[in-house]
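As a plain string of letters, each chain reads:
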Amino acid sequence: MSRAEGGSRLLRSELSLVFGRRRNITLLVGLATVPLLLGIVLFVTQDSALAGQGPGFVGRVTGNGLFLVVSSLVMCLPFLLPLTIGIASGDAIAGEAQAGTLRYLLAVPVSRTRVLVVKAVAALAFAGAAVAAIALMALLSGAVLFGLDDVTLLSGSTVPLGEGVLRIAGVAVYVGLSLTGLVAVGLFFSTLTEVPVGAMAATVVVAIVSAVLDTLPQLAAIHPGLLTHHWLDFAEFLRLEVDWGVLGEGLAVQGAWVAIFASLAWSRFTTADVTS
Amino acid sequence: MTPPAVRSAGLTKRFRSGQVAVDGIELEVPRGSVYGFLGPNGSGKTTTIRMLLGLVRPTAGRAWLLEEPMPEGGGSVLPRVGVLVEGPAFHPYLTGRANLARLDAADATADPRTTRRRSDAALERVGLAAAAAKPFRQYSLGMKQRLGLAAALLRPRDLLVLDEPTNGLDPQGTREVRHLIRELADAGTTVLVSSHLLAEIDQVCSHIGIMSQGKLLVQDERLALTERGEPTLVVRTAVDHVGTATEVLTALGLGAPVVDGPEVTASLGSVAPETATAALVGAGVPVVGLEARRPSLEQLFVTLTGEGFDVAR
Amino acid sequence: MTETQPSSPATPPPSSPVAPASATALATPSARRRWAVPAVVATAVAGAFVAPPLLAAAGDASLPEVTPLELLAEVAEAEPMALTGTAVYTARLGLPEIPFAEIAGADPIALLAGSSTIRVWTDGEERSRAALLGPASEYSVVRDGPEAWTYSSEEDAVVHYALSAEDEARYEALADQLRAGPSPEVAGELPTPEEAARLVLDRAEEHSTVSLDAQTTVAGRDAYQLVVTPRSTETLVARVVVAVDAETSTPLRVQVWSTQDEATPALDVGFTDVTFAAPEDAVLEFTAPASATVEEVVVPLPEVTEMERTEGAAKGELPEGVTVAGEGWESVTTLTGLDVAALVAGDPAALASVPGSERTLGSESAQELIGEFLPEDGEGGHPGLSLDGAALYEQLTTEVPEGRLLSSSLLSLLVTEDGRVLVGAVPAETLRGMA
Ligand SMILES: Nc1ncnc2c1ncn2[C@@H]1O[C@H](COP(=O)(O)OP(=O)(O)OP(=O)(O)O)[C@@H](O)[C@H]1O
Ligand SMILES: [Mg+2]
């Protein structure tokens, strides 16, 4: 049988490992409850004085359930999604190292590059699943609680529901792709240690530090290159004319982080001693 | 004669801490042999095995498995090598069978259609068939060890590298493992088995290598090793005759007699045991028992690696 | 007993080097080569991100020679072009720290400091849209002839500016006379390079010298640079540099340099990206979203004579309570009869009339220019103003013996105890001396 088939076999095994693990399922379910809770809170308070208030898009949710997708993603972006990414990618190599299963995997043998690629793909898939869990649950609960309607863009124009759904899907896809840089960072940390919690924490810290640096005007020169700087650029999908250049720049920055940290992870992992 | 199954040249590992865990060893494991890799705790056995498998990069020196250089040749040679390194390690929340399936999925050269059959056969072989559907987390220490062996036996192997395979096993388990090793060796598989349990090695090994403080002190066929030791004569008699017995033996030219209760032990040298027997009987010593002994492996081991209980480093 | 392995009877594998000393030390060459990969990747990435701007900056236009006056005339005569573009606006006015953290979304108050991105669409005639982009928010100003809208996504609020019914009829008639009808004043106007440039260039020769700077590239287009330098040395404005597109004579960038800072312009608005093509109709249209709160503002249409006056010479009688001292760049406008007590007390309603006023007063160009840049806040419940007016007033002004002083690198404003407001593009000391 060919290498490619063998590779996909390992990938399938890895995916079933990641998605079959109770901790990970709990995490996805937890993320999915964010839009549900947010939707219920907004539904209960919609006739009170607090209606229509809140950061981001929260104020728009009661008028159009579709916005629950955007406001849930905005809520999860600063911490919960980085945490999820940290857990998925920080655990990738370090988790196997700590369990000792890494040495048996390498002795099967699986080339270290292939282990890394499979782990990276699985972590990316988990990141995608996390975003999808939030987005789909938000769509569902938004539709049930508030109904779906034509979408009022940030520019004040209104587009039909069909186009609105496409734009919101674009938001979700962009948010998912925005997380790839952090996945690469987490993967690199994961190759540095045998303590997965350390790699997870370091990954979350990177996301938070990046967000903090992004608020310091003294560092304006480096802002465009920061990992988290372009995360809110998903808003481009909600503007009158989507500027693909802005989205492309955001993704290019992620691509740069991915390239650098993936190559660092590769160098580290293919030269490291496996003594766990 | 066929080339050795495992070979190393000047294999050295200096960890970043500066410690030299393995110091220029020249390992040679002949094809078809059962090679007992002995050494006290911390002597560098596991580190050597890790280097052989390409898990740890040697600081200097080279290693070959089944004539393939490591770690470069690992991709082609490791499918023919079953390993157990420093205890079993599996995903705790997967069942024993699922853990084997995962390892098999990782093997690009394995046939997925036979995974189930091969893993069941391996589980059967290590006596784990009944617990195949239990999560690894619920396994006892010995069951975990058995699953590790099953993983090493997932495919027909030309070489088995087993680091402490009987660790945690009950006496039956230990005996079964010994049987297993002998059975595999009879079928032509080379087995490199590391241990510090001498009895285990003693009974199955055809070859022995002894490590201490990172150095390979000796390496030879087991029989040749034990032949090398000085033979001794142990005479058992009545307590009040030990004096006479000692005199007779000394007169015959036996060296360094030691009295211990009713027993007298002396090194035989070139004296034939039957000559000594005749002389003792002739001198009126009531001989209750008499034995000509080779030194045990344990004695050899202790002589080579020192008496101290503390680990070397 | 042998100490080490005697020469083995088994033949060594063919590939094995005999001498262990020559055996490869694996940790070194191969490992080092692998670590070279991220180094190369990082270099490539840095190259990809840093090189394009450098290359763009290196471009030498080598455009045909023109004189400053020719260029000025070309700009004046050029037909306004339909365009779509993105402009970046940066203010370094040296104002006291403003708690911008309190501003969640796009808000014209953000124009007071830092960088903002503004997207511009115009058909070159009477329809246009400018959008201040915020993080996940937007503030838009849409103009369509006699009508205009502002929309804040953060507040989901619309302000609709329109003429009264009779003015509407008069406007229709006027629209034929004037090439483009006057557009209503909007609270929370957004600066675009074009409008800023016209304010400076329209009367550039009066109190300034005009010269040319090196040709440059703005938004990837070759451009001339006109430098307007005030003749007066009493003003805070050192010079204004306008980059003019060589092909269309459209201003692409305006930089206002202060005498206080020679390194960077105090105000800078320029396109980073521009295409000269008519925007789609949908962009220039505006319909208030169903969910939004809508505030209607009726704008009076000025008399024709008044309009002609604004179009032509700036001289003329000033509204009551307004006096202008000095000329050109160093002129200082004094407003009297304001409720200064309320102002000093920080009543936002009273504050409202101050910064927005100078635009409508027909005052001198420097102040108009700055008025163009500075956001005009506060005209009664204006949705763009999310900061507490009183707090902002407290933040921006400082206590001086004469009253309260706002001092920036381009403009000073003094509110005296006896109810006068002095404002001019002059150092704060000049105002205090006059008070
Ligand atoms: N990752 C590491 N970093 C530094 N030193 C190490 C590392 N791994 C092992 N060592 C040291 O190398 C030496 C040899 O260790 P090794 O595990 O090879 O011994 P061993 O012979 O397998 O012992 P045991 O019989 O107890 O399993 C020990 O002194 C140990 O402390
Ligand atoms: Mg060991």
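No experiment lies behind these values; they were computed from the predicted model shown.

What counts, and where the lines are drawn
Residues numbered from 1 in each chain as written. Chains lettered and ligands numbered in written order. Predicted model: local features only at pLDDT ≥ 70, side-chain atom pairs only at ≥ 80, totals over all residues. Heavy atoms only, no water. UniProt positions renumbered as here; feature names shortened; annotations may be inferred. Helix = DSSP H or I, 4+ residues; strand = E, 2+ residues; numbered from the N terminus. Phe/Tyr/Trp six-rings, centres within 6.5 Å; stacked < 30°, edge-to-face > 60°. Buried < 20%, exposed > 50% of the residue type's maximum accessible area, 1.4 Å probe, protein only. Contact = heavy atoms within 4.5 Å. Buried area = accessible area lost by both parts, 1.4 Å probe. Salt bridge = Lys/Arg side-chain N within 4 Å of Asp/Glu carboxyl O. Polar contact = N/O pair within 3.5 Å; in protein donor to acceptor, adjacent residues only side chain to side chain. Pairing = 2+ DSSP bridges. Axes fitted to C-alpha atoms, helices over the stretch in contact; angles between N-to-C directions. Nonpolar A, V, L, I, M, F, W, Y, C, P; charged D, E, K, R; others polar.

(A) Quick peek at the UniProt feature "transmembrane region" (unreviewed entry) in chain A. Using the residue numbers shown here, the UniProt feature "transmembrane region" (unreviewed entry) corresponds to residues 25–45, 65–88, 121–148, 168–189, 201–224 and 244–266 of chain A. Between the C-alpha atoms that bound residues 168–189 of chain A there is a distance of 32 Å. The span itself is 95% helix and 0% strand.

(B) Representation of the packing of aromatic side chains in the model. Tallied over the entire structure, the rule returns twelve aromatic pairs over all chains. Centre to centre, the rings of Tyr35(B) and Phe37(B) are 6.3 Å apart; their planes meet at 55 degrees, and the pair counts as tilted. Residue classification places Tyr35(B) among the buried positions, given a relative accessible area of 0%. Residue classification places Phe37(B) among the buried positions, given a relative accessible area of 0%. Members of the aromatic cluster, joined through ring pairs, are Tyr104(A), Phe90(B), Phe136(B) and Tyr139(B).

(C) Geometry of the interface of chain A and chain C. Taken together, the contact between chain A and chain C spans 30 residues of the former and 31 residues of the latter. For the pair chain A and chain C, the summed buried area comes to about 2300 Å², and 61% of that belongs to carbon and sulfur atoms. A salt bridge links Arg119(C) to Glu236(A), with the shortest nitrogen-to-oxygen separation between them at 2.6 Å. For the interface between chain A and chain C, the tally reads eleven residue pairs in polar contact (both at pLDDT 80 or more). Per-element tally for the side of chain A that touches chain C: the top contributor is helix H11 (residues 244–271) of chain A, with 13 residues.

(D) Local environment of the sheet that holds strand E3 (residues 127–134) of chain C. All names here are of chain C. A sheet is described by the order of its strands in space; here twelve strands give the open sequence E7-E8-E9-E10-E11-E1-E2-E3-E4-E5-E6-E12, paired in mixed fashion. Two strands close off the open sheet at either side, each with one partner strand: strand E7 (208–218) and strand E12 (293–299). Neighbour-to-neighbour, the strand axes of this sheet turn through a mean angle of 15 degrees, independent of strand direction. Of the strand pairs in this sheet, strand E10 (residues 251–258) and strand E11 (residues 267–275) are connected by four bridges, and their pairing is antiparallel. Directly across from Val254, in E11, lies its bridge partner Val269. The strands that helix H2 (residues 68–77) touches are E7, strand E8 (221–230), strand E9 (237–245) and E10; relative to E7, the one it contacts most, it runs at about 75 degrees.

(E) Representation of the interface of chain A and chain B in the model. Every contact between the two is made by 33 residues of chain A and, on the other side, 33 residues of chain B. Between chain A and chain B, the buried area comes to about 2800 Å², and carbon and sulfur atoms account for 55% of it. The interface formed by chain A and chain B contains four salt bridges. With a closest N to O distance of 3.4 Å, Asp104(B) and Arg9(A) form a salt bridge. Breaking the side of chain A that touches chain B down by element, the ones donating at least two residues are helix H1 (3–20), helix H5 (80–99), helix H6 (101–107), helix H7 (112–146) and H11 of chain A. In terms of residues, the side of chain A that touches chain B owes the most to one element, H1(A), which gives seven residues. Classifying every residue of the side of chain A that touches chain B by side-chain character gives 13 nonpolar, nine polar and eleven charged.

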